[in-house]
Amino acid sequence: MLTLDLSNISPFLPPGQTLSDFQPVLEAAQTALVTKNGAGNNFLGWRDLLTTPNVSLLDEVAAVAAEIRERADVLLCVGIGGSYLGAKAVIDALSPYFKRSGPEILFAGHHMSGAYLRELLQSLEGKSVYVNVISKSGTTLEPALAFRFLLDWMDERFADANERIIATTDPASGALNQLRNSRGFRKFVIPPDVGGRFSVLTPVGLLPIAAAGIDVHALFEGARTECERLSTSENNPALQYAAVRFWLHEAGYKTDVLSVFEPKLYPIGAWWQQLYGESEGKEGKGLFPVAMQFSTDLHSLGQYMQDGQRVVAETFLMVHDDQGDISAPLLAGDLDKLNYLVGKPYTEINRKAYEGTRQAHTEGGVPNMTLWMDAITPQTLGELIYFFEHGVAIGGYLLGINPFDQPGVEAYKKEMFRLLGKP
Ligand code: PA5
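Residues numbered from 1 in each chain as written. Predicted model: local features only at pLDDT ≥ 70, side-chain atom pairs only at ≥ 80, totals over all residues. Heavy atoms only, no water.

Colleague: Please explain the domain arrangement of the chain as it appears in this structure.
Modeller: Reports often express the size of an interface as the amount of accessible area lost when the parts come together. For the chain, the domain assignment lists domain 1 (3–37 + 229–399) and domain 2 (46–214). When each unit is reduced to the centre of its C-alpha atoms, the spacing between domain 1 and domain 2 is 30 Å. Every contact between the two is made by 27 residues of domain 1 and, on the other side, 22 residues of domain 2. On the domain 1 side of the contact with domain 2, Lys 264, Gln 274 and Glu 389 bury the most area, a combined 28% of that side's loss. Our count for the domain 1 to domain 2 interface comes out at two salt bridges. A salt bridge links Lys 36 to Asp 48; the shortest N-O distance between them is 2.9 Å. (Domains from an automatic or database assignment. Contact = heavy atoms within 4.5 Å. Buried area = accessible area lost by both parts, 1.4 Å probe. Salt bridge = Lys/Arg side-chain N within 4 Å of Asp/Glu carboxyl O.)

Structural data, given as structure tokens:
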């Protein structure tokens, strides 16, 4: 079960104030979410899919994934933003650091690099490839353009290309649907009431995750149990997380860092950045979300965290059972002066790095809290995904904005399309 340690926050609260002072506004935000009375209440499908689960959909996803695992060397996922970050985060978190068995899961259409696409296509030569093109709108330039190349490439190499391409998109609208209808690709649907950044537990994330050999039923069950746990406002850590972040925002903090000490959790940070950045960053409000990987980034951004402008807050994302049980060996003569670590497991050394950082950041004026996971499993990742989704919905309501739209992302598209001469 996820737990939230708030012991380092109290020293930063104004004298006489406690987090329980937020209880009335938190209750109101929780009620708005659960009773669907808040802003953007037509985009709450990410909760509905957990409160009324569609088990046959999970089975269908698992069956197509089993086919991919049997027939493909590579599954190429084509999508951007919410159409790839969640899948990448879960796959990276649950895969070994080196050499995962089964098909390689690669990504395309998540930027505009022609060099990347050319080299990717070269690297796929001679391999059995499946493509999952994922776009809710079906009109996003990055994946649509990359898919043009891939369609040609697949047609030239595989007589059964149509069997090997799976589209994940809106039930009816969008250019991808037209293409899919004319070619007869298999299709999974993104529910219209689930926004891209909330879609990891729909086929958007589930198909690539299952193709990577991950138990999507367990992932889903983790999210479902967390959704149930957070459905009341009592002892609700997602409400406390949202309250702290809101207080920090009101107190003038600008940046919110999610720090991980296990590198395979860093892509979860990238997913969290999108979830929080797109949900809260509007109407001149919101904390700027930044993911950091420690201790790596303590040797770069750590200087700013400790000593730069005092506008940075932090949440450590930690794991009780991190599988780091290899112990420091003895060096004859102690020439590197590290023999004081002999016999200590990496888990303990990494934990001391966390404790030391937490202490130093507290003393340096960085308010911080710690979110603890028991281990990195499909179940706990499901819990984590729902925790952050619930937290950002409440956070958006506390800020008085609609957490489920993203009007700001249209601005760059407008300018880019003008420069490209789009009719
Ligand atoms: O969260 C969002 O809605 C966005 O980040 C989208 O996921 C992203 O822009 C991709 O959109 P689409 O899936 O429509 O191609």
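Colleague: How should the packing of helix α11 (residues 237–250) against helix α15 (residues 378–399) be read in this particular structure?
Modeller: For the pair α11 and α15, the least separation of the axes is 8 Å and the interaxial angle reads 40 degrees. On the basis of their axis angle, the class for α11 and α15 is oblique. Crossing geometry of α11 relative to α15 is assigned as right-handed. Contact with α11, carried on its side by Pro 237, Ala 238, Leu 239, Tyr 241, Ala 242, Ala 243, Phe 246, His 249 and Glu 250, involves Phe 387, Phe 388, His 390, Gly 391, Ile 394, Gly 395, Leu 398 and Leu 399 of α15 and no other residues of that element. Counted by class, the contact of α11 with α15 contains 12 nonpolar, four polar and one charged residues. (Axes fitted to C-alpha atoms, helices over the stretch in contact; angles between N-to-C directions. Helix = DSSP H or I, 4+ residues; strand = E, 2+ residues; numbered from the N terminus. Parallel < 35°, antiparallel > 145°, perpendicular 65-115°, else oblique. Left-handed = near helix turned anticlockwise from the far one by under 90°. Nonpolar A, V, L, I, M, F, W, Y, C, P; charged D, E, K, R; others polar.)

Colleague: Sorry if this is basic, but what is going on with the site of the ligand here?
Modeller: By nearness alone, 13 residues border the ligand, and Ser 83, Ser 135, Ser 137, Thr 140 and Gln 274 come closest of all. Within the contact set of the ligand, an oxygen atom lies 2.5 Å away from a side-chain nitrogen or oxygen of Thr 140. The separation between an oxygen atom of the ligand and a polar side-chain atom of Gln 274 is 2.5 Å. For the ligand, whose free accessible area comes to 390 Å², the fraction covered by protein is 87%. Looking at the shell around the ligand, its residues break down into one nonpolar, nine polar and three charged. (Near = heavy atom within 4 Å. Polar contact = N/O pair within 3.5 Å; in protein donor to acceptor, adjacent residues only side chain to side chain. Areas by Shrake-Rupley, 256 points an atom, 1.4 Å probe, with all protein chains shown as cover.)

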